[in-house]
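Chain by chain, the residues:
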Amino acid sequence: MGFRCGIVGLPNIGKSTLFNALTATAAAAAANYPFCTIEPNVGRVPVPDARLDKLAAVAASAKIVPTQLEFVDIAGLVRGASKGEGLGNQFLAHIREVDAIAHVLRCFEGGDITHVEGSIDPLRDADTVDTELMLADLESLEKRHVNATKKAKGGDKEAKAQVDVMEPVLALLREGKPARVFKPSAEQKPVLDQMQLLTAKPVLYVCNVEEASAPAGNALSAKVAERARAENASWVVVSAAIEAEVSQLSDEAERKEFLASLGLEETGLARVIRAGYGLLDLITYFTAGPKEARAWTVHRGAKAPEAAGVIHTDFERGFICAETISYSDYLACNGEQGAKDAGKMRQEGRDYVVQDGDVILFRFNV
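Here goes a summary of the coordinates provided. (Residues numbered from 1 in each chain as written. Predicted model: local features only at pLDDT ≥ 70, side-chain atom pairs only at ≥ 80, totals over all residues. Heavy atoms only, no water.)

## Section: the overall build of the chain
Along the backbone of the chain there are 14 helices and 12 strands. Among the 366 residues that make up the chain, the fraction classed as buried is 50%. Summing over all exposed atoms, the chain offers an accessible surface of approximately 17400 Å²; the carbon and sulfur share of this is 51%. (Helix = DSSP H or I, 4+ residues; strand = E, 2+ residues; numbered from the N terminus. Buried < 20%, exposed > 50% of the residue type's maximum accessible area, 1.4 Å probe, protein only. Areas by Shrake-Rupley, 256 points an atom, 1.4 Å probe, with all protein chains shown as cover.)

## As for unusual backbone geometry
Backbone phi values are negative for most residues with the exception of glycine, while trans is the configuration of most peptide bonds. Of note in the backbone geometry, Q196 takes a positive phi value of approximately 50° without being a glycine. When you line up the elements, Q196 lands in the loop between helix 6 (188-194) and strand 6 (203-208). Even without a glycine there, the phi angle at D281 is positive, about 55°. Tracing the backbone shows D281 in the loop between helix 10 (268-280) and strand 8 (282-288). What makes D281 partly exposed here is its relative accessible area of 37%.

## Points about the pattern of salt bridges
The full count for this structure, using the stated rule, is 22 salt bridges. Ionic pairing is found between D164 and K160, a salt bridge with its closest N-O pair at 3.0 Å. Note that D164 and K160 are positioned in helix 5 (residues 157-174) at a spacing of 4 residues, about one turn of the helix. Here R300 ties to D281 by a salt bridge, and the two come within 2.8 Å at their closest N and O atoms. Of the two residues, R300 sits in the loop between strand 9 (293-299) and helix 11 (304-311) while D281 sits in the loop between helix 10 and strand 8, which places them 19 residues apart along the sequence. Among the ionic contacts, a cluster of salt bridges with common partners joins D127, D130, R180 and R227. (Salt bridge = Lys/Arg side-chain N within 4 Å of Asp/Glu carboxyl O.)

## What to know about the nonpolar core
A general trend in soluble globular proteins is that nonpolar side chains are found buried together. With 26 residues, the main nonpolar core has F3, I7, L18, L69, F71, V206 and V236 as its most contacted residues. Those elements giving two or more residues to this core turn out to be strand 1 (4-8), helix 1 (15-23), strand 4 (68-73), strand 5 (100-106), strand 6, strand 7 (234-238) and helix 10. No other element matches helix 10, which puts 6 residues into this core. The contacts of L18, once residues within four sequence positions are left out, are V104, V206, V238, A240 and E243. By size, the runner-up hydrophobic cluster in this structure holds 25 residues, among which are V8, L10, V98 and A228. (Core = buried A, V, L, I, M, F, W, Y, C linked by side-chain atoms within 4.5 Å. Contact = heavy atoms within 4.5 Å.)

## Things to note about the pairing of strand 2 (residues 41-46)
Of the two faces of strand 2, only the one carrying N41, G43 and V45 is buried; V42, R44 and P46 on the other face are not. Inspection of the sheet shows strand 2 paired to strand 4 by 6 bridges, in the antiparallel sense. Of the residues in strand 4, the one forming a bridge with P46 is Q68. (Pairing = 2+ DSSP bridges.)

## Details of the packing of helix 4 (residues 122-153) against helix 5
Describing two packed helices takes the angle between their axes plus the distance from one axis to the other. For the pair helix 4 and helix 5, interaxial distance at closest approach is 9 Å and the crossing angle is 145°. Judged by the sense of rotation from one axis to the other, the crossing of helix 4 with helix 5 is left-handed. Here helix 4 contributes M134, D137, L138, L141, E142, R144, H145, A148, T149, K151 and A152 to the contact with helix 5, which in turn contributes A159, K160, Q162, V163, M166, E167, V169, L170, L173 and R174. For the contact of helix 4 with helix 5, the residue count by class is 11 nonpolar, 3 polar and 7 charged. (Axes fitted to C-alpha atoms, helices over the stretch in contact; angles between N-to-C directions. Left-handed = near helix turned anticlockwise from the far one by under 90°. Nonpolar A, V, L, I, M, F, W, Y, C, P; charged D, E, K, R; others polar.)

## Focus: the packing of aromatic side chains
Within the structure shown, the criterion is met by 3 aromatic pairs. Each ring, one from Y285 and one from F362, has its centre 5.9 Å from the other, and the planes form 85°; the classification is edge-to-face. With Y285 in strand 8 and F362 in strand 12 (residues 359-364), this residue pair connects regions lying 77 residues apart in the sequence. By the burial criterion, Y285 is buried, and F362 matches it. In textbook terms, an aromatic cluster arises when at least three aromatic residues are bridged by ring pairs, as seen for Y285, F319 and F362. (Phe/Tyr/Trp six-rings, centres within 6.5 Å; stacked < 30°, edge-to-face > 60°.)

## Some remarks on helix 9 (residues 252-261)
Between the side-chain oxygen of the N-cap and the backbone nitrogen of A253 there are 3.2 Å, and the N-cap of helix 9 in question is D251. Just beyond helix 9, the residue with positive phi is G263, at close to 80°. (Polar contact = N/O pair within 3.5 Å; in protein donor to acceptor, adjacent residues only side chain to side chain.)

## Some details on the environment of N20
With respect to the helices and strands, N20 occurs in helix 1. Look at N20 and you get buried, because its relative accessible area is 14%. C-alpha of N20 to C-alpha of N41: the two residues are 21 residues apart in sequence and 9.7 Å apart in space.

## So, the environment of V65
Of note, V65 is situated in strand 3 (residues 64-65). Residues V65 and T287, spaced 222 residues apart in sequence, show a C-alpha to C-alpha distance of 9.9 Å.

## Topic: the side chain of R180
One can find R180 in the loop between helix 5 and helix 6. Owing to a relative accessible area of 16%, R180 belongs among the buried residues under this scheme.

## Some points on the sheet that holds strand 4
Within the open sheet, the 6 strands sit side by side as 2-4-1-5-6-7. Their pairing is mixed. One side of each edge strand has no neighbouring strand; the edge strands of this open sheet are strand 2 and strand 7. The average undirected angle you get between the axes of adjacent strands in this sheet is 25°. Pairing analysis gives 4 bridges linking strand 1 to strand 4, with the strands arranged parallel. Note on strand 4: the bridge partner recorded for R4 is E70.

Next up, the structure:
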C-alpha cells in the first residue's frame, strides 16, 4: 500500500467524477446535487512506475505487481460541517482516517453543474473547507487541553509533552491557521500525530480545470498554485472530464495517442500520485525474480528491517541482512547474477537506510 488519500471539497466541484476516473469504476455516484456520496467510497489503483516493467523484463518475471494507492471519496463538506451541518460529523470522522487530503477545487467557469455557492472562486472554496476543519480541531483540542493541563501540573510528563504541543497549535488555530503550519521537533512529531488533527494532515490541492487548460492550467488554477506555495503545500492541475474519458480506454497505445492529442504526456492519475508521494516523502523499492517483480512503498529514511516488515512481519523479526543492488546497476549488469559478478551487490545490515529504486533480497531467520 502506498498511502491512503481522502478526496475532499465542496459539493459539485468534480470530486466523485475524479474518483470514478482515477479508480476506473462507477462506484461513486457523480450527480448534480449535494451529498450524492454519503458513505466514503474506497478505490485502490496501481501506482504506475516504468522502472518496474524494466526490472521485470531483465529478471524475466512471470508476474508484475505494482504497489497500490488507496483513494477515499469523502462526501462534500459545507459551511457548518464542524457543527454537524450536512452530516458533517460523519464526514469529519472519515477525514481523520486518511494519511493525506486531496482537496479538489473547481477551477473552470460554465458547464451544467451548479456550484453550491452560486459562483466560481476556488480560494473561497478552500477557505470554506479549511475553516470547518480548523473549527473542528479547535473544539477538540480546547477540550483536551483542559485535562492535559491539569495532569501536567500534577507532574504527569506525558501530559506536559502534550501541552507543549497543544499550546502553539491552539495559537495557530485561533489565528485562523491550520495545524500543519506548526513545525514540530523530532520529539514533538509523534505527540502531534497522536492528536489526529484534521488540519495537521498534508494537503494536495487538485485544480479541476476544463479540457483546454489541462496541459498548463488557467488563471484560477494559478491562484491556487500561489496559495499552495505560500502554505508549503502541493498542487496539481487535472481535468476530471479528460480523466473520465481516459479511464474508458483499455488500450495503452490508444490512451497515449488520446493524451498526446490534448498536449498531455501522462494522465492526471500519474501527476496526483507523484505529488502525493512527494507530499508524504515516500519512496519505492523493488523485489525481482523469475516468479514476480514487485514494487513496495516505505517512508524515506526507513531502515532495512522496517522495509522488510512491509513484505512480512517475519522478515523484520528475523532480519539478517539486505542484499541490495541499485536500480541502475541492476539494469546495467543485466540482473542479479551480473550485479554479483561485477561486485555491485551489497550486503547491508540493520542500520542501512533504504534508497529509492533499490532492488533488495532480504535474508532472515525465524
